[in-house]
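Residue strings, one per chain:
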Amino acid sequence: MILSSKTCKRDVFYLINKYSGIVSKVETEMLLEYLFNCARIDLYIRNFSINETIEELYDSLISRRLNGEPVQYITGCAEFMGLDFIVTKDTFIPRPETEILVNELLNSPDKSFRILDLCTGSGNIAVSLAKLMPQIEVTATDISEAALKIAEKNAARHNVSERIKFYKGNVFNALVFDKNPKFDIIVCNPPYVKKAEFPYLQNEVKQEPEIALNGGGDGLDFYRIIAKESHRYLEKCGSILLEIGFGQKQALKDIFSLYNIFEIHKIIKDFSGIERAMWINLL
Ligand code: GLN
């Protein structure tokens, strides 16, 4: 399969096609962007010369991918809201579905507010909100010190460090460090995988931090904490915007209705038509 460089002049298209049918085109491009430290378009318009060393490096990246390592952990980078985020094995990999939460807030008529992002992970929600909404202030929390370090780096990378405060702690506990922990919006993409589902997760997903995935016995632990405690941290008429897992809508409605202080304002579907986000108002 591997042609000798002595017998064949190679270009980047040779590498793009070398594993076609084995690795998806988009992942191939992501690995090549990483290898050549360039933008995707450059792969097609610049004339990179390929030597044996480059091909060997490429082969080793491909073999990591084929061994189940997510492409974002190989490249150390994930795209979210059109922005580049540093990711490591200590952080959950941002998913396109989560952009729904950011877009909801971007499209909201009230645009000057204080936002709390719980379980911030790589900081993708907090940082993209701060970047795209210059008038807001964000507080972001996570239980993982290692993840928070990455989130801080992402804030610096996108020049929004001065508008995001990061605190370490479990959900709301982290806010003991905040002088004024009152917010207009609480946004959260919490861990929501049921414990029993763990053995069936894709190999790639199993490589993500368990604390970023594990939502307890029924996957709803974090929603229960948010339903119980959020009123202490929300301004009057504040809102909660949550990502939710497949089929969790009714259980969440039941959890929030226990308190008689919330109304479900909106359920938002993702690109596959799955109910993916819930907007809840504090009455
Ligand atoms: N907030 C991060 C994200 O949406 C991390 C989520 C998590 O760790 N569950 O990608």
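Described in the following lines is the structure provided in the data block. (Residues numbered from 1 in each chain as written. Predicted model: local features only at pLDDT ≥ 70, side-chain atom pairs only at ≥ 80, totals over all residues. Heavy atoms only, no water.)

Some details on the sheet that holds strand 5 (residues 164–168)
Okay, step 1: Pairing in this open sheet of 7 strands is mixed, and the strands run 5-4-3-6-7-9-8 from one edge to the other. Strand pairing shows two members of the sheet lacking a second neighbour, strand 5 and strand 8 (262–269), which therefore form its edges. Sheet twist, expressed as the mean angle between neighbouring strand axes with direction ignored, is 20 degrees.
Okay, step 2: Both strand 3 (residues 114–118) and strand 6 (residues 183–188) contribute to a ladder of 4 bridges, which runs parallel. Looking at strand 6, one finds that D117 is bridged to V187.
Okay, step 3: The strands touched by helix 8 (residues 145–157) within the sheet are strand 4 (137–142) and strand 5, with strand 5 carrying the most contacts at an inclination of about 170 degrees.
Okay, step 4: The strands touched by helix 11 (residues 221–229) within the sheet are strand 3, strand 6, strand 7 (234–243) and strand 8, with strand 7 carrying the most contacts at an inclination of about 170 degrees. (Pairing = 2+ DSSP bridges. Helix = DSSP H or I, 4+ residues; strand = E, 2+ residues; numbered from the N terminus. Axes fitted to C-alpha atoms, helices over the stretch in contact; angles between N-to-C directions. Contact = heavy atoms within 4.5 Å.)

Quick look at the site of the ligand
Okay, step 1: Contacts to the ligand come from F92, P94, T98, C119, T120, G121, N124, I125, N189, P190, P191 and A212.
Okay, step 2: Contacts to the ligand include N124, whose side-chain N or O atom sits 3.1 Å from an oxygen atom.
Okay, step 3: Between the ligand and A212, the relevant distance is 3.0 Å, taken from a nitrogen atom to a main-chain nitrogen or oxygen of the residue.
Okay, step 4: Within the complex, the protein chains bury 97% of what would otherwise be the 290 Å² of accessible surface of the ligand. (Near = heavy atom within 4 Å. Polar contact = N/O pair within 3.5 Å; in protein donor to acceptor, adjacent residues only side chain to side chain. Areas by Shrake-Rupley, 256 points an atom, 1.4 Å probe, with all protein chains shown as cover.)

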